[in-house]
Amino acid sequence: NQSVAITELKKILVVANADSPLLRERVAFPLKDYYNIIWFSESYTEPDTALKYCHAKRHGRLGILFKVITVFKFLTLYHIEKPDIVHAHWSIFPALLFKHKWRKLVISPMGSD
């Protein structure tokens, strides 16, 4: 319904790597008109989008420290945005292990997962 105010729309926090062309297409698929979408990307490439996003820029030299920073960024974003749904596009995302109970969690593993 186009008459629904943007503040009344449910929020989806999408976890998808902006380096992948396939995932870039899947982030906002047809849901952008019906949900507020926030994109979290752990990637080398910053998301090129009009959507609200949080970019955890990959730094290969930081090793495990990078993963810790990414988990902190993601959980901070989750706490601030309080999404209705978290949709992770890969199953190997360590931040998902640090919350005991998610509101609604959807995981769409890809072939490499």
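Below, the structure is looked at part by part. The structure displayed is predicted, hence computed values, not measured ones.

### Considerations on the side chain of S108
- Note on placement: S108 falls in the segment after strand 5 (105-107).
- Judged by relative accessible area, S108 falls into the buried class, the value being 16%.
- Among all residues touching S108, those that are not within four sequence positions of it are R26, H87, A88, H89 and W90.

### Some details on unusual backbone geometry
- Despite not being glycine, K82 has its phi angle at roughly 50°, a positive value.
- By secondary structure assignment, the location of K82 is in the loop between helix 2 (64-81) and strand 4 (85-88).

### A look at the pattern of salt bridges
- Counted under the stated rule, the structure contains four salt bridges.
- The salt bridge involving E42 is made with K67; its shortest N-O contact spans 2.8 Å. Within this pair, whereas E42 is found in strand 2 (residues 35-43), its partner K67 is found in helix 2, the two being separated by 25 residues in sequence.
- Since its relative accessible area comes to 32%, K67 is described here as partly exposed.
- Through salt bridges that share partners, K11, K52 and E81 make up one connected network.

### With respect to the sheet that holds strand 3 (residues 52-57)
- With parallel pairing, the five strands of this open sheet are ordered in space as 3-2-1-4-5. The sheet is open, and its two edges are formed by strand 3 and strand 5, each paired on a single side. Sheet twist, expressed as the average angle between the axes of neighbouring strands with direction ignored, equals 15°.
- As defined by bridge partners, strand 1 (residues 10-15) adjoins strand 4 across four bridges and the pair is classed as parallel. When the bridges of strand 4 are listed, V14 appears paired with H87.
- Sheet strands touched by helix 2: strand 1, strand 2, strand 3 and strand 4. Its angle to strand 2, the strand with the most contacts, is close to 170°.

### Looking at the pairing of strand 1
- In this sheet, strand 2 lies alongside strand 1 in parallel orientation, the contact comprising six bridges. Residue pairing for strand 2: L13 is matched across the bridge by I38.

### Looking at helix 2
- Taking 1.5 Å as the rise per residue, helix 2 with 18 residues should run 26 Å; its terminal C-alpha atoms sit 26 Å apart, in good agreement.
- Taken together, the buried positions of helix 2 are F66, T70, V71, F74, L77, Y78 and E81. Buried residues of helix 2, viewed axially, fall in a sector of 135°; they line one side. Those residues of helix 2 that are exposed and aimed more than 90 degrees away from the buried face are I64, V68, F72, H79 and I80.
- Downstream of helix 2 by one or two residues, K82 has phi in the positive range, about 50°.

### Some words on the nonpolar core
- Grouped together as the largest cluster of nonpolar side chains are 17 residues, with contacts concentrated most on L13, V15, F40, F74, V86 and F93.
- Residue assignment for this core shows that the elements contributing at least two residues are strand 1, strand 2, strand 3, helix 2 and strand 4.
- For this core, the leading source of residues is helix 2, giving four residues.
- For F74, the residues in contact, after removing those within four places along its chain, are L13, V15, F40, V86, F93, A95 and W102.
- The next biggest cluster of nonpolar side chains, apart from the first, holds 11 residues, and it includes A18, L23, V27 and I37.

About the thresholds
- Residues numbered from 1 in each chain as written.
- Predicted model: local features only at pLDDT ≥ 70, side-chain atom pairs only at ≥ 80, totals over all residues.
- Heavy atoms only, no water.
- Helix = DSSP H or I, 4+ residues; strand = E, 2+ residues; numbered from the N terminus.
- Buried < 20%, exposed > 50% of the residue type's maximum accessible area, 1.4 Å probe, protein only.
- Contact = heavy atoms within 4.5 Å.
- Salt bridge = Lys/Arg side-chain N within 4 Å of Asp/Glu carboxyl O.
- Pairing = 2+ DSSP bridges.
- Axes fitted to C-alpha atoms, helices over the stretch in contact; angles between N-to-C directions.
- Expected span 1.5 Å × (residues − 1).
- Arc of directions from axis to C-beta.
- Core = buried A, V, L, I, M, F, W, Y, C linked by side-chain atoms within 4.5 Å.

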